[in-house]
Amino acid sequence: MEIEREIVVPEEPDEVWESLTDPQRLEEWFASEVELDARPGGEGLFRWGDGDERRAVVRELEESERLVLDWDDGGSVAIELEPVVDGTRVHVVESAPEFAPAFELRALAWTALAAA
Amino acid sequence: MRDGAHGGIDRVFAALGDAGRRSLVEAVATRGTATATELAAELPVTRQAVAKQLSALADAGLLRATRSGRETRYQVTPAPLEDAVEWMVSVGSAWDQRLAALRRSLAGSQGKRRSIRQPPDGSSS
């Protein structure tokens, strides 16, 4: 089970790539404070205005194409860029190993309650 | 993101992160209610191990424990799972907001940097 989102922006992939990997650019849209060593194995630290903080490690990086971060809580996010006629398609998949079991157990739990 | 407002979610996800504990919740849900002894009879683990896991799942709020004679009887509580599902929905809406901000950020930076997308006659300025 995954959370999936997609948008098309009018800019070219290499410009969007900068927004994904340059900490200053990331602070314009991803989190309020960003540290990121944008290379495979590099570490990242993301802070949000509400006090949330997440650490990540770069699992995969293919310039202007694909960035995969592993969160320290076991989840991951993959952002892929694809050139399209009117700009760049930005495709995001965020997954956590617990997403699927939570959904399945929820269904099971309600079924069990209904039967009780 | 799992901290702060979503305090209990971490514990729910931690509890669900282990395949053994997941199958215990499934077994309890399937039976309606269950004790450690009943579950240990079906599973290749000791009663003590099952009892320990059940107690951890109850601490995470996934199971509700009631005393039944000398044993503790467990039943599934869906509320924390609802919270977990709600958290997943919030992850999705966080991405909606971020991607909208990314679009604005990219649009805002166009004046500062040379954009390949500018009309060839340069009339955009």
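Residues numbered from 1 in each chain as written. Chains lettered and ligands numbered in written order. Predicted model: local features only at pLDDT ≥ 70, side-chain atom pairs only at ≥ 80, totals over all residues.

Trainee: Explanation requested: the overall build of chain A in the structure shown.
Mentor: In terms of regular secondary structure, chain A is built from three helices and seven strands. Beginning at the N terminus, the succession of helices and strands in chain A can be written as β-α-α-β-β-β-β-β-β-α. Taking 13 Å as the expected radius of gyration for a compact globule of 116 residues, we find that chain A reaches 17 Å, considerably beyond that expectation. With 116 residues in all, chain A has 31% of them scored as buried. (Helix = DSSP H or I, 4+ residues; strand = E, 2+ residues; numbered from the N terminus. Rg over C-alpha atoms; globule rule 2.2 N^0.38 Å. Buried ≥ 20, exposed ≤ 12 C-beta atoms within 10 Å, placed from the backbone.)

Trainee: Before we go on, may I ask you to explain helix α5 (residues 79-108) of chain B in this structure?
Mentor: The α-helix winds at 3.6 residues per turn, so residues separated by three or four positions along the chain end up facing the same way. Counted at 1.5 Å a residue, the expected span for α5 of chain B with its 30 residues is 44 Å, and the 43 Å between its end C-alpha atoms agrees. What α5 of chain B keeps buried is the set Pro80, Leu81, Ala84, Trp87, Val91, Trp95, Leu102 and Leu106 of chain B. At its buried positions, α5 of chain B is contacted by β1 (2-9), α1 (13-21), β7 (87-95) and α3 (99-115) of chain A together with α1 (9-16) of chain B. (Expected span 1.5 Å × (residues − 1). Contact = placed C-beta atoms within 7 Å.)

Trainee: Please explain the sheet that holds strand β4 (residues 53-62) of chain A as it appears in this structure.
Mentor: In sheet architecture, strand pairing relies on hydrogen bonds along the backbone and comes in two forms, parallel and antiparallel. Residue and element names in this part refer to chain A. Spatially, the seven strands line up as an open sheet ordered β1-β7-β6-β5-β4-β3-β2, and their pairing is antiparallel. Both outer strands of the open sheet, β1 and β2 (33-36), are each paired with one neighbouring strand and no more. Recorded for the sheet is a direction-independent mean angle of 20 degrees between the axes of neighbouring strands. Relative to β7, strand β6 (residues 76-84) is paired through nine bridges, and the arrangement is antiparallel. Paired with Val77 across the bridge in β7 is Glu94. Contacting β1, β2, β5 (66-71), β6 and β7, α1 runs over the sheet at an angle of about 165 degrees to β6. (Pairing = 2+ DSSP bridges. Axes fitted to C-alpha atoms, helices over the stretch in contact; angles between N-to-C directions.)

Trainee: What exactly am I supposed to notice about unusual backbone geometry here?
Mentor: Negative phi values dominate among residues other than glycine, just as trans dominates among peptide bonds. All names here are of chain A. Phi is positive for Ser64, which is not a glycine, with a value near 60 degrees. Note on placement: Ser64 falls in the loop between β4 and β5. Look at Ser64 and you get partly exposed, because 18 C-beta atoms sit within 10 Å.

Trainee: Would you explain α1 of chain A in this entry?
Mentor: The element α1 of chain A is extensively covered by neighbouring structure, given that seven of its nine residues are classed as buried. When we look at burial in α1 of chain A, the residues that qualify are Pro13, Glu15, Val16, Trp17, Ser19, Leu20 and Thr21 of chain A.

Trainee: Mind showing me how you'd approach the nonpolar core here?
Mentor: The tendency in soluble globular proteins is for nonpolar side chains to be buried side by side. Val25, Val28 and Val76 of chain B are the most contacted members of the largest nonpolar core, which totals 31 residues. Of all the elements in the fold, those that place two or more residues in this core are α3 of chain A together with α1, α2 (19-31), α3 (36-42), α4 (47-59), β3 (71-76) and α5 of chain B. In contact with Val28 of chain B, not counting residues within four places along its chain, are Ala34, Leu63, Tyr74, Gln75 and Val76 of chain B. Counting residues in each nonpolar core, the second largest holds 18 residues, with Val9, Phe30, Ala31 and Val90 of chain A among its members. (Core = buried A, V, L, I, M, F, W, Y, C linked by C-beta atoms within 7 Å.)

Trainee: How should I be thinking about the pairing of β5 of chain A in this particular structure?
Mentor: Every regular strand shows the same layout, with side chains that alternate between the two sheet faces. Residue and element names in this part refer to chain A. Here six bridges tie β4 to β5, and the two strands are oriented antiparallel to one another. In the sheet register, Glu60 faces β5, and the bridge partner there is Val68. The hairpin turn running from β4 into β5, its antiparallel successor, is three residues long, and Ser64 in that turn takes a positive phi close to 60 degrees. Bridge count for β5 against β6 is five bridges, and the pairing is antiparallel.

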